[in-house]
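Structural description and commentary
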Amino acid sequence: MSDEVVLLSIWPSMFGMRVQIALEEKGIEYEYKEEDLANKSTLLLKMNPIHKKVPVLIHNGKPVCESSIAVQYIDEAWKDKFPLLPSDPYHRAQARFWADYIDKKMYNASRKIWETKGEDQEVGKKEFIECLKVLEKALGDNPYFGGEEFGFVDIELVPFFSWFYAYETCGNFSIEAECPKLIAWAKRCMERKSVSKSLPAAQKVYDFVLQLKKTMGLE
């Protein structure tokens, strides 16, 4: 029986990008359905009735919600293809720790950069750069977070790279000046077809952020 795989998301969502990268790395054919969060589809409400959010991975009619869970599900459901998580239990636990750190720390700090001004924005920038420096230290001199191989933590973090230009422009700072190794890592990841295919252009994301700011009355 062939697998029917559908992804519900919106193109600027770094969380949706994670699921796309995982699917691409595994070579899984899937249908992408763009959602309108102002007018959520019946399918989205049916598949994620609790949070009513994207992304949602639908595998043979069964929904898997939350991006990190979806990426892990993809790794387990298609075990015979490119492994995303380490086989060693300790290394797998460490990968999950860093994924949790990215979710809990980076996203909220990054929102402050484009959603606020003045002192609040400065706090957001400081928190965001601190997060990046912690991650850069965790990366060390390795090409990827899992060592020599591209994997789970890389998938969790690299979608943020498509938003870096928007953060830098809104916050008037340089991420590369603060974290050169992390930018080199991101560029290395972008050389992978799975990543370059899944991440939108930085200018497109920035234009989206400007429109979002206007809609939210932040301009």
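Residues numbered from 1 in each chain as written. Predicted model: local features only at pLDDT ≥ 70, side-chain atom pairs only at ≥ 80, totals over all residues. Heavy atoms only, no water.

Points about the pattern of salt bridges
Going through the model one piece at a time under the given rule, you end up with 13 salt bridges. Lys197 is the partner of Glu24 in a salt bridge, and the nearest nitrogen-oxygen pair spans 3.5 Å. With a gap of 173 residues between them, Glu24 in helix H1 (residues 14–26) and Lys197 in helix H10 (residues 193–198) connect regions that are remote in the sequence. Three or more residues are tied together by salt bridges with common partners; here these are Arg18, Asp103 and Glu156. (Salt bridge = Lys/Arg side-chain N within 4 Å of Asp/Glu carboxyl O. Helix = DSSP H or I, 4+ residues; strand = E, 2+ residues; numbered from the N terminus.)

Brief notes about the UniProt feature "domain: GST N-terminal" (unreviewed entry) in the protein
Residues annotated by UniProt as "domain: GST N-terminal" (unreviewed entry) correspond here to residues 3–82. Across residues 3–82, the secondary structure splits into 38% helix and 21% strand, with the terminal C-alpha atoms separated by 17 Å. (UniProt positions renumbered as here; feature names shortened; annotations may be inferred.)

Notes on the UniProt feature "domain: GST C-terminal" (unreviewed entry) in the protein
With numbering matched to this structure, UniProt assigns "domain: GST C-terminal" (unreviewed entry) to residues 88–208. Split by type, residues 88–208 is 78% helix and 0% strand. Its first and last C-alpha atoms lie 40 Å apart.

Structural notes on the packing of H1 against helix H3 (residues 67–77)
The geometry of H1 relative to H3 is characterised by a closest axis approach of 9 Å and an angle of 10° between their N-to-C directions. Between H1 and H3, the angle is such that the two are roughly parallel. When H1 is examined against H3, the residues Phe15, Arg18, Val19, Ala22, Leu23 and Lys26 are found in contact with a partner set consisting of Ser67, Ser68, Ala70, Val71, Ile74 and Asp75. Considered class by class, the residues forming the contact of H1 with H3 number seven nonpolar, two polar and three charged. (Axes fitted to C-alpha atoms, helices over the stretch in contact; angles between N-to-C directions. Parallel < 35°, antiparallel > 145°, perpendicular 65-115°, else oblique. Contact = heavy atoms within 4.5 Å. Nonpolar A, V, L, I, M, F, W, Y, C, P; charged D, E, K, R; others polar.)

Quick notes on the side chain of Glu136
The topology assignment puts Glu136 in helix H5 (residues 118–139). Among buried charged residues, Glu136 stands out as having no salt bridge; its nearest opposite-charge side chain is Lys133, 5.5 Å away. Those residues within four positions of Glu136 in sequence are excluded, and the remaining contacts are Glu178, Cys179, Pro180, Lys181 and Leu182. (Buried < 20%, exposed > 50% of the residue type's maximum accessible area, 1.4 Å probe, protein only. Lys, Arg positive; Asp, Glu negative; His and termini not counted.)

A closer look at the domain arrangement of the protein
Assigned domains within the protein: domain 1 (5–77) and domain 2 (89–216). Using C-alpha coordinates to define each centre, domain 1 is positioned 21 Å away from domain 2. For the domain 1 and domain 2 pair, buried surface summed over both sides reaches about 1800 Å², with 66% attributable to carbon and sulfur atoms. For the pair domain 1 and domain 2, the interface holds four salt bridges. Two residues, Arg18 and Glu156, come together in a salt bridge whose shortest N-O distance is 3.2 Å. Inspection of the region where domain 1 meets domain 2 yields nine residue pairs in polar contact (both at pLDDT 80 or more). Mapped by element, the contributors of at least two residues to the side of domain 1 that touches domain 2 are H1 and H3. For the side of domain 1 that touches domain 2, the element with the most residues is H1, which contributes nine residues. In terms of residue class, the side of domain 1 that touches domain 2 is built from eight nonpolar, three polar and four charged. (Domains from an automatic or database assignment. Buried area = accessible area lost by both parts, 1.4 Å probe. Polar contact = N/O pair within 3.5 Å; in protein donor to acceptor, adjacent residues only side chain to side chain.)

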